[in-house]
Amino acid sequence: WSSDVCSSDLLDSPSTTGAYAFTLTPGRNMVMSVDAAIYPRKPIQRVGVAPLTSMYQTGENDRRMAYDWRPEIHDSDGLSILNGQGEWLWRPLVNPRSLRVNTFVDNNPRGFGLLQRDRRFANYQDDGVFYEKRPSTWVTPHDDWGKGSVMLVEIPTKDETFDNIVAFWTYKNGFAAGDSKSISYRLNWGMNPPGASSTLAQVSRTLAGNGGIAGVKPRNDRRKFVIDFEGATLGEPNAENVVEANVNIAGGTVAGQVLQQIDGHDHMWRLVLEVVAETDATVELRANLVAGDRSLTETWVYQWLKE
């Protein structure tokens, strides 16, 4: 089965009318091209374009649901974004205690997706649903989407049968009544969708726990983040420029920072951050590895709420 399959559907509601055309191309990855014409009848403040849903219950960086015998339970482990400035972002997913909405402001995004990067059975131990085989999904706009945001919604869940993760694009100014809007994009489902840079190392693992010195002087008033970056660019010789961490924080301070190459792994570097939150603050973190003015990795982004 290799030929394209086409279909179309009409949209009609009290607030909007329009039409959608879908072209499916089967293969190793399933690819769907979506073309839509939207005609709002009423003002719509927030329009969700290319919505994706997934599930994240527990994982390496979020062990709140660790009463289950399986080490990790998730269909996706992160949101990847290639923004309009050409920066690759990686936001590990969490299962929050309360509803959490993150907004990634952008202009003409180049793509985004909910990805399952961890492909090791040993990290799930589920021989029934095989979470390590869950496909990733990547969205590629066919045209300029202008100003807006990629939005990530994380909903608390205790049940892996519920999709509690949502990601979509929304336009900055929404739609006005009487507008006409054409939207075109491609969806790509598969084990290895195109949402990855060929020139930058990726975040391969995010671990989190109490701060301090494990087994000696742990501190629950701090949070320790361990971020592993892995890729060929980290194994290249850097005679003139050493590998350094570029770290930014808001809502807290970095009390300790260590960057080192993992012994025996030429292409892997580990960044350890000891973070102290300001009183009742949400801590926003960003980190990537650089050599001089050159970025070696995608940018890790994270949000920590001290609870």
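Residues numbered from 1 in each chain as written. Predicted model: local features only at pLDDT ≥ 70, side-chain atom pairs only at ≥ 80, totals over all residues. Heavy atoms only, no water.

Some thoughts on the overall build of the protein
Part 1 of the argument: A tally of helices and strands in the protein yields zero helices and 22 strands.
Part 2 of the argument: Here the protein has a C-alpha radius of gyration of 21 Å; the compact-globule value for 307 residues is 19 Å, and the two agree.
Part 3 of the argument: Judged by the C-alpha coordinates and their principal axes, the protein covers about 65 × 45 × 45 Å.
Part 4 of the argument: Each of the 307 residues in the protein was classed as buried or not, and the buried ones make up 46%.
Part 5 of the argument: Here the protein has roughly 15,400 Å² of accessible surface; of this, 49% comes from carbon and sulfur atoms.
Part 6 of the argument: Across the protein, the mean location of the 31 positive side-chain charges is 4 Å away from that of the 38 negative side-chain charges. (Helix = DSSP H or I, 4+ residues; strand = E, 2+ residues; numbered from the N terminus. Rg over C-alpha atoms; globule rule 2.2 N^0.38 Å. Buried < 20%, exposed > 50% of the residue type's maximum accessible area, 1.4 Å probe, protein only. Areas by Shrake-Rupley, 256 points an atom, 1.4 Å probe, with all protein chains shown as cover. Lys, Arg positive; Asp, Glu negative; His and termini not counted. Charge placed at Lys NZ, Arg CZ, Asp CG, Glu CD.)

Remarks on a nonpolar patch on the surface
Part 1 of the argument: Side chains of Leu99, Val101 and Ile155 sit close together on the surface and give an oily, nonpolar patch of about 250 Å² of accessible area.
Part 2 of the argument: Assignment of secondary structure puts Leu99 in the loop between β8 (88–92) and β9 (100–107). (Patch = residues over 30% accessible without salt bridge, like charges linked within 9 Å, V, L, I, M, F, W, Y side chains within 5 Å. Salt bridge = Lys/Arg side-chain N within 4 Å of Asp/Glu carboxyl O.)

Examining the pairing of strand β13 (residues 165–171)
Both faces of the sheet carry side chains from a regular strand, because those side chains alternate between them.
Part 1 of the argument: Burial analysis of β13 places six of its seven residues in the buried class, the great majority of the element.
Part 2 of the argument: As paired elements, strand β4 (residues 49–54) and β13 share four bridges and run antiparallel to each other. Opposite Ser54, over in β13, you have Ile165 as the bridge partner.
Part 3 of the argument: In the sheet, strand β12 (residues 147–154) pairs with β13 via seven bridges, with the strands oriented antiparallel. Looking at the pairing, Gly148 lines up with Tyr171 of β13. (Pairing = 2+ DSSP bridges.)

Side note on the sheet that holds strand β16 (residues 217–230)
Part 1 of the argument: As summarised here, the arrangement of the four strands in space is β15-β16-β19-β18, forming an open sheet in which the pairing is antiparallel. The open sheet is flanked by β15 (202–213) and β18 (252–261), the only strands paired with a single partner. Taken over all neighbouring pairs, the strand axes of this sheet differ in orientation by 20° on average, direction set aside.
Part 2 of the argument: When β18 meets strand β19 (residues 268–277), the two strands line up antiparallel, connected through nine bridges. The partner of Gln261 across the bridge, within β19, is Trp269. (Axes fitted to C-alpha atoms, helices over the stretch in contact; angles between N-to-C directions.)

Section: the nonpolar core
Part 1 of the argument: Core analysis: the biggest nonpolar cluster contains 31 residues, and Val49, Phe112, Trp145, Ile183 and Tyr185 have the highest contact counts within it.
Part 2 of the argument: Put simply, the parts of the chain that give this core at least two residues each are β3 (30–40), β4, β7 (78–82), β10 (111–115), β12, β13 and β14 (181–190).
Part 3 of the argument: Listed in part, the 28 residues of the second largest apolar core include Val94, Leu115, Ala201 and Leu289. (Core = buried A, V, L, I, M, F, W, Y, C linked by side-chain atoms within 4.5 Å.)

Notes on the pattern of salt bridges
Pairs can form between side chains of opposite charge whenever their charged atoms are close.
Part 1 of the argument: Taken as a whole, this structure holds 15 salt bridges when the rule is applied.
Part 2 of the argument: Between Arg134 and Asp75 there is a salt bridge, and its shortest N-O distance comes to 2.6 Å. In this pair, Arg134 is assigned in the loop between β10 and β11 (136–141) and Asp75 in the loop between β6 (73–74) and β7, connecting sequence segments 59 residues apart.
Part 3 of the argument: With a relative accessible area of 23%, Arg134 lands in the partly exposed category.

A short note on the sheet that holds β12
Part 1 of the argument: With antiparallel pairing, the four strands of this open sheet are ordered in space as β4-β13-β12-β9. Each edge of the open sheet is held by one strand with a lone partner, namely β4 and β9. Looking at each pair of strands side by side, their axes are set apart by 15° on average, direction ignored.

With respect to the side chain of Asp228
Part 1 of the argument: Relative to the helices and strands, Asp228 resides in strand β16.
Part 2 of the argument: Of the residues examined, Asp228 reaches a relative accessible area of 0% and is grouped as buried.
Part 3 of the argument: Within polar-contact distance, the side chain of Asp228 engages the side chain of Arg205 at 2.6 Å.
Part 4 of the argument: At 2.7 Å, the side chain of Asp228 and the side chain of Arg270 are in polar contact. (Polar contact = N/O pair within 3.5 Å; in protein donor to acceptor, adjacent residues only side chain to side chain.)

Here we look at the packing of aromatic side chains
Two numbers describe a pair of aromatic rings. These are the distance of the centres and the angle of the planes.
Part 1 of the argument: Here the structure, examined in full by the defined rule, presents twelve aromatic pairs.
Part 2 of the argument: With 5.4 Å between their ring centres and 10° between their planes, Trp300 and Tyr302 make a pair best called stacked.
Part 3 of the argument: Judged by its relative accessible area of 0%, Trp300 is buried.
Part 4 of the argument: By way of ring pairs, the aromatic residues Trp145, Trp169, Tyr171, Phe175 and Tyr185 are connected into one cluster.
Part 5 of the argument: Here the guanidinium or amino end of Arg117 rests over the ring plane of Trp90, the centre of that ring lying 3.7 Å away.
Part 6 of the argument: If you follow Lys133 out to its NZ or CZ, it ends over the ring of Phe130, 4.7 Å from the centre. (Phe/Tyr/Trp six-rings, centres within 6.5 Å; stacked < 30°, edge-to-face > 60°. Lys NZ or Arg CZ within 6 Å of the ring centre and 35° of its normal.)

The values reported here are purely geometric and, on their own, carry no functional implication.
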